[in-house]
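Listed below are the residues making up each chain.
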Amino acid sequence: MSKQELVVLGRGDEGGACCPGLATAPLDEDRAAELAKLFKALGDPVRLRLLSMIASRAGGEVCVCDLTPAFDLSQPTISHHLKLLRQAGLIDCERRGTWVYYRALPATIDRLAAVLTTPRTTEVTTEATA
């Protein structure tokens, strides 16, 4: 039996990161496919702006009626982009009467951030070496 210590992921004691980042270990095929879906959803400038508008809103949610005027796009096109963000698990929504309110899902956004975070290393600046 090996005497190596196993690292348990998802415990919350790694600063909220559930999975190793890109610089920590190579991604396996399944994890890469899962992450690619999330990044693909963010690969469009309109969807990236929509997510930013939703996530940065005071109170944590925004009505679709406040999102649509910010773009020079039709309402069905905005709805399509919001649907793709929902399918990727980046946002969720709730219907209230005739309006739909959107909110960001911080856990998914934090997972993406954790993957892209690199371990802190000592950086040598050009000023320090000059």
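Scroll up to find the structure this text is about.
Right, let's walk through the structure included here. (Residues numbered from 1 in each chain as written. Predicted model: local features only at pLDDT ≥ 70, side-chain atom pairs only at ≥ 80, totals over all residues. Heavy atoms only, no water.)

1. Some thoughts on the pattern of salt bridges
Point 1. Within the structure shown, the criterion is met by 6 salt bridges.
Point 2. Notably, a salt bridge pairs Arg57 with Asp66, separated by 3.2 Å at the nearest N-O pair.
Point 3. Arg96 is the salt-bridge partner of Glu61, the closest N and O atoms lying 2.8 Å from each other. Here the residue Glu61 occupies a position in strand β1 (residues 61-63), and Arg96 occupies one in strand β2 (residues 91-96), the gap between them amounting to 35 residues.
Point 4. If you follow the salt bridges from partner to partner, you end up with Arg31, Glu34 and Arg111 in one network. (Salt bridge = Lys/Arg side-chain N within 4 Å of Asp/Glu carboxyl O. Helix = DSSP H or I, 4+ residues; strand = E, 2+ residues; numbered from the N terminus.)

2. Overview of the pairing of strand β3 (residues 99-104)
Within a regular strand, side chains alternate between the sheet's two faces.
Point 1. Only one face of β3 is buried, namely the one carrying Val100, Tyr102 and Ala104, since none of Trp99, Tyr101 and Arg103 on the opposite face is buried.
Point 2. Taken together, the 3 bridges between β1 and β3 define a ladder with antiparallel strand orientation. Considered in β3, the bridge of Val62 is made with Tyr102.
Point 3. Bridging between β2 and β3 involves 6 bridges; their strand directions are antiparallel. Across the sheet, the residue bridging to Cys93 is Tyr102, located in β3.
Point 4. Remark: 2 residues form the turn of the hairpin made by β2 and β3, two consecutive strands paired antiparallel; Gly97 in that turn has positive phi of roughly 70°. (Buried < 20%, exposed > 50% of the residue type's maximum accessible area, 1.4 Å probe, protein only. Pairing = 2+ DSSP bridges.)

3. Considering the packing of helix α2 (residues 45-55) against helix α4 (residues 75-88)
Point 1. Between α2 and α4, the least distance of the axes is 10 Å, while the angle of their chain directions is 75°. Between α2 and α4, the angle is such that the two are roughly perpendicular. Two secondary-structure elements touch here, α2 through Val46, Arg47, Leu50, Leu51 and Ile54 and α4 through Ile78, His81, Leu82, Leu84 and Leu85.
Point 2. Residues of the contact of α2 with α4, tallied by class, amount to 8 nonpolar, 1 polar and 1 charged. (Axes fitted to C-alpha atoms, helices over the stretch in contact; angles between N-to-C directions. Parallel < 35°, antiparallel > 145°, perpendicular 65-115°, else oblique. Contact = heavy atoms within 4.5 Å. Nonpolar A, V, L, I, M, F, W, Y, C, P; charged D, E, K, R; others polar.)

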